[in-house]
Structure formats: C-alpha cells, structure tokens
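Structural features, examined
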Amino acid sequence: MRGVRSTIVLLAVLLATGGYAYYISKKPAEDASSKQEKVFSNVQADKIDEIRVKSATGETTTIKKKSGVWQIVEPLKARADESEISGMTSALAQLNVSRVVDENPKDLKDYGLATPRIEVAFKTDSDKALAHTLLVGEKSPTGGDLFAERQGQKRVFLIPAYQESSFNRSTFDLRDKTVLKFERDKVDGIEVSTGGKGLQLAKEGGDWKLTRPLQVRADFGSVEGLIGRLQTVQMKSIVTNEPSPADLKKYGLDKPAATVNLNMGSARATLLVGGKADDTTVYARDTSKPLVMTIEGALADELKKGADDYRRKDLFEFRPYNANRIEIARNGKTVVFEKVKGEGQNAVDKWRRVSPAAGDVDKDKMDSLLSRLSNMRATSFVESTAKTGLDAPAMTVVVKFDDNKKEERVTLGKNENDAYAARPGEPGAAKIDTTDVTEANKTLDELSK
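Residues numbered from 1 in each chain as written. Predicted model: local features only at pLDDT ≥ 70, side-chain atom pairs only at ≥ 80, totals over all residues. Heavy atoms only, no water.

**Structural notes on empty space enclosed by the protein**
- Scanning the entire structure with this criterion turns up 1 cavity of 30 Å³ or more.
- There is about 120 Å³ of room inside the largest cavity.
- Considering the residues around the largest cavity, the lining is formed by 17 residues, among which R311, F381, R423, E426 and A430 are closest to the centre.
- Only β13 (216–217), β26 (418–422) and β27 (429–432) provide two or more residues apiece to the lining of the largest cavity.
- Of the residues assigned to the lining of the largest cavity, the class counts are 10 nonpolar, 1 polar and 6 charged. (1 Å grid on protein atoms, 1.4 Å probe; cavity = no way out; pocket = protein on both sides within 12 Å on 5 of 7 lines; lining within 4 Å. Points joined across faces, edges and corners; volume = space filled by probe spheres on them. Helix = DSSP H or I, 4+ residues; strand = E, 2+ residues; numbered from the N terminus. Nonpolar A, V, L, I, M, F, W, Y, C, P; charged D, E, K, R; others polar.)

The structure is reproduced here in structure tokens:
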C-alpha cells in the first residue's frame with residue numbers, strides 16, 4: 001500500500017507540473033494579441049545612447065555613445081565593440097512580447113523576477129536618464145522562452161529564449177577586442193623577430209620588398225595577408241590589466257617568442273607574443289597598453305614564416321596582354337618577337353617574328369608561349385646558383401612590356417631532372433617546374449620555323 005500511495009503522489013506532482021507548463025505556454029485569455037506588441041514601443045536603435053547591463057554573473061557594465069562612438073565607462077574605460085552594441089540596441093528596439101503570462105503576478109519568485117538574472121537599462125537621446133529597463137528571469141517550463149518584465153510595470157510576459165545571448169553580456173563581451181589598432185593603408189614597413197631570426201619588409205611605391213635577411217621582391221598578397229591578419233586578430237581573454245615584472249616573466253613576455261613592429265611613417269605599433277596559455281592560445285601584449293591578453297596560437301605559428309614564404313613566386317612581372325617585345329636566347333641563337341599594332345578601325349594587334357627570319361607567327365602558339373612564360377612560378381628557393389645549370393643557361397628571356405617602359409630578364413637553367421631560374425640582382429635561384437621549360441622550348445621551336 002505504501003508503494004501505491006507513493007506512486008499516486010508522484011503521479012499527482014507530475015500532472016501538476018505538466019499542467020502548469022501547459023497553462024503557461026497555452027493560456028489564451030492573456031495572449032498579447034494576434035499582432036505581437038513591442039516591449040519598448042517607439043524606441044529606435046540608433047537613438048539609444050547609453051546602456052547599463054547587469055549579466056547573469058552579476059557583472060555590471062555601462063556603455064555610452066560619445067560623438068557617434070560607443071565607449072565603456074564602467075567598470076573601466078575602453079572602446080566598445082560596435083557590432084556587439086549594435087546587436088544589443090537592435091534587439092531592444094525590435095523585442096516583441098511573445099505572450100503575456102500574468103497581468104498582476106502575486107509572487108515574482110515564480111518567474112525568477114524577484115531577483116532578475118539579467119537587467120538592461122537604457123536611455124535614448126531624448127531621455128535625461130536611464131528611462132527604460134528590461135528585467136529577465138528564468139526560462140519558461142517549455143524552455144523556448146524567458147520570463148521578463150519592464151521595470152515599473154506589473155505584468156509578466158515571455159520573450160524568445162534566444163534573446164538571452166543579446167542581453168547576457170559581460171564587460172569583456174562588450175569591449176572592443178581588437179589587439180592592434182592601426183590604419184592599414186598607412187603601413188609602410190614590417191619587422192618580425194622570432195627565434196633569434198629577423199625579417200623586414202618595406203613598401204616602395206605600391207610594391208613590397210624584402211630588405212632583411214635578403215633584398216628581393218616580396219609577394220604583395222602574402223605581405224598584405226600578414227597585415228590583414230594582424231589587423232583582425234582578437235583578444236580571447238584579459239589575463240591582467242597591470243602586470244608586474246614577475247608577471248611578464250611568467251607569461252614569457254620579458255623575452256618574447258615573437259615581436260612584430262608595424263611602421264607607419266614615424267608611428268609604430270608593436271605586438272609581443274609570449275608563451276603558451278593553453279593548447280590553442282598564447283599570451284600577448286600591445287606595447288602601447290599595459291594589459292596582458294591571450295590570442296589565438298595560430299598567429300604565433302604564422303609569425304614563424306621565413307623570408308621564402310614572403311618572396312614573390314612569379315618569375316615574370318609582365319602579363320600576356322601588356323607584353324610588347326620578347327627576346328629569347330638559347331643554343332647561341334636569339335629569336336625576337338614584337339607586337340605590331342593593327343591599322344584601321346577595329347584592327348587587332350598581332351605578333352610577328354622579327355629575327356632571325358621575319359614573318360608572321362601562329363597566334364595560338366604565341367599566346368601559349370606568353371602564357372607559359374608569364375605563369376612560371378617558383379616552387380622553392382636555393383641560396384646558391386651552383387648545380388643549377390644557370391652557368392650555361394638553357395634559355396634567357398628578355399621581355400619589354402607596358403608600352404616598352406619596363407624590361408625584365410630571366411635566365412632558365414636545367415640540372416639533370418631539375419629546372420631553375422634567376423633574375424639579375426636577386427640572390428640564389430628559384431626552383432621551377434621542369435615541364436614549363438620543356439613546353440616553352442617546344443613552342444619556341446614551332447614559332448621559329
């Protein structure tokens with residue numbers, strides 16, 4: 001009998017709980033209306049200029065808009081994350097009442113609103129003080145909504161549970177987590193030091209060049225990629241705002257594993273990268289600020305790249321469309337091709353062989369040669385030209401382009417099954433695909449007939 005009574009009591013409790021959940025989620029008499037009302041009517045997101053957020057952890061953050069820029073003013077002073085604040089102001093302005101639960105609740109504890117988990121107070125530019133406050137309690141029994149109320153109003157209503165991520169934000173969530181602040185188009189020099197090795201890049205005109213440990217052309221995309229990476233790297237956490245010398249040593253920042261300097265004329269931004277914080281993050285510090293932070297460890301790995309990673313891989317700068325003249329020397333003979341401008345209306349330029357025997361050339365074959373040469377790329381680099389075959393070149397190519405304003409020379413060599421290339425003034429040699437040299441020779445044979 002005792003077991004039967006226990007079962008009956010348990011069943012009664014379950015029915016009561018289920019009935020309450022159904023009551024909360026289905027109560028039709030207190031539906032807000034077929035057209036959902038706004039929690040804060042007549043509030044526009046772009047008019048909100050101050051917000052105070054108390055998160056579920058009890059942390060309170062105050063953010064103010066000053067001259068169009070959001071700033072955290074309490075508990076610290078820092079630039080705010082514009083996207084985070086924009087998301088919050090939009091959520092406040094668009095927040096709907098899903099359903100009214102109780103117009104006159106007797107006990108707010110039933111909804112977790114006696115002591116709200118989350119509080120968001122704000123004002124617009126027409127308010128003198130924080131005039132609007134959203135109080136958020138517990139989740140509804142169905143889990144799809146949150147109990148909420150407006151401060152100063154009695155009724156309890158539901159808002160979508162997904163909105164918790166918009167309002168339950170910590171000070172760190174709301175601050176700008178950009179590690180380095182700089183204007184990308186003003187960067188004209190980069191210095192990277194890792195593992196006792198140094199790397200320097202300088203911008204000359206619109207081109208990037210390696211200046212240390214060797215002086216060669218740099219790959220524009222690779223260098224710009226590094227700048228973009230440094231511009232977008234984000235803090236993962238703040239370790240300490242006021243590190244002591246002992247702290248810097250503890251985090252590996254007294255003798256950084258990597259140092260990056262971004263030069264912008266006379267200005268400079270410097271990032272120090274220290275030891276590992278965990279498997280995915282490392283300690284770091286912007287030298288213009290005292291705080292120590294963590295950033296993704298992948299950046300530390302990228303900073304270990306050597307000079308070869310930033311060297312320009314394209315052997316030639318010309319493109320098929322801007323070439324004007326090509327001289328190719330091999331086996332003691334030189335073949336010269338020139339582009340001749342077409343005459344008359346809608347005339348098309350064409351290539352001709354100038355020497356050794358003047359004549360027209362097959363357009364498709366000439367296009368193939370131009371494409372083959374202009375697309376030659378280094379697969380790797382060697383420090384010396386020894387054993388590259390460049391002392392007895394298989395081919396030397398001189399190209400004039402951009403209306404004959406520019407000229408470049410590339411020498412190609414073969415050593416057994418490998419092929420190499422070199423440009424005047426650049427150290428060592430580039431290893432290239434042997435097929436490119438073989439196919440270029442075949443096409444040149446056909447064009448020389």
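**What to know about the side chain of D436**
- Mapped onto the secondary structure, D436 falls in helix α10 (residues 434–447).
- The exposure class assigned to D436 is buried, which follows from its relative accessible area of 13%.
- A distance of 2.9 Å separates a polar atom in the side chain of D436 from a polar atom in the side chain of R372.
- When sequence neighbours within four positions are dropped, the list of residues in contact with D436 reads R372 and M376. (Buried < 20%, exposed > 50% of the residue type's maximum accessible area, 1.4 Å probe, protein only. Polar contact = N/O pair within 3.5 Å; in protein donor to acceptor, adjacent residues only side chain to side chain. Contact = heavy atoms within 4.5 Å.)

**Quick word on the sheet that holds strand β12 (residues 207–212)**
- Ordered in space as β13-β12-β11-β10-β15-β16-β17-β18-β14, the 9 strands form an open sheet in which the pairing is antiparallel. The open sheet has two edge strands with one neighbour each: β13 and β14 (237–240).
- In this sheet, strand β16 (residues 267–276) lies alongside strand β15 (residues 258–264) in antiparallel orientation, the contact comprising 7 bridges. The partner of N261 across the bridge, within β16, is T270. (Pairing = 2+ DSSP bridges.)

**Section: the packing of aromatic side chains**
- Following the criterion strictly, the structure yields 4 aromatic pairs and no others.
- Ring geometry for Y251 and Y283: centres 4.5 Å apart, planes at 40 degrees, overall tilted. Residue Y251 is located in the loop between α6 (245–250) and β15, and its partner Y283 is located in strand β17 (residues 281–286); the two are separated by 32 residues in the primary sequence.
- Ring geometry for F316 against F318: centres 5.4 Å apart, planes inclined by 75 degrees, an arrangement best described as edge-to-face. Across the pair, exposure class does not vary: F316 and F318 are buried alike.
- We note K177 situated over the ring of F172; from NZ or CZ to the ring centre the distance is 5.5 Å.
- Taking the ring centre of F381 as reference, the NZ or CZ of R311 above it sits at 3.9 Å. (Phe/Tyr/Trp six-rings, centres within 6.5 Å; stacked < 30°, edge-to-face > 60°. Lys NZ or Arg CZ within 6 Å of the ring centre and 35° of its normal.)

**A word on unusual backbone geometry**
- Cis rather than trans, the peptide bond between R212 and P213 has omega equal to 10 degrees.
- Following S355, the chain continues into P356 via a peptide bond in cis, with omega recorded as 10 degrees.
- Assignment of secondary structure puts P356 in the loop between β21 (350–355) and β22 (359–360).
- Backbone geometry at S67 places phi at a positive 55 degrees, although glycine is not the residue there.
- Inspection of the secondary structure assignment puts S67 in the loop between β2 (60–66) and β3 (69–74).

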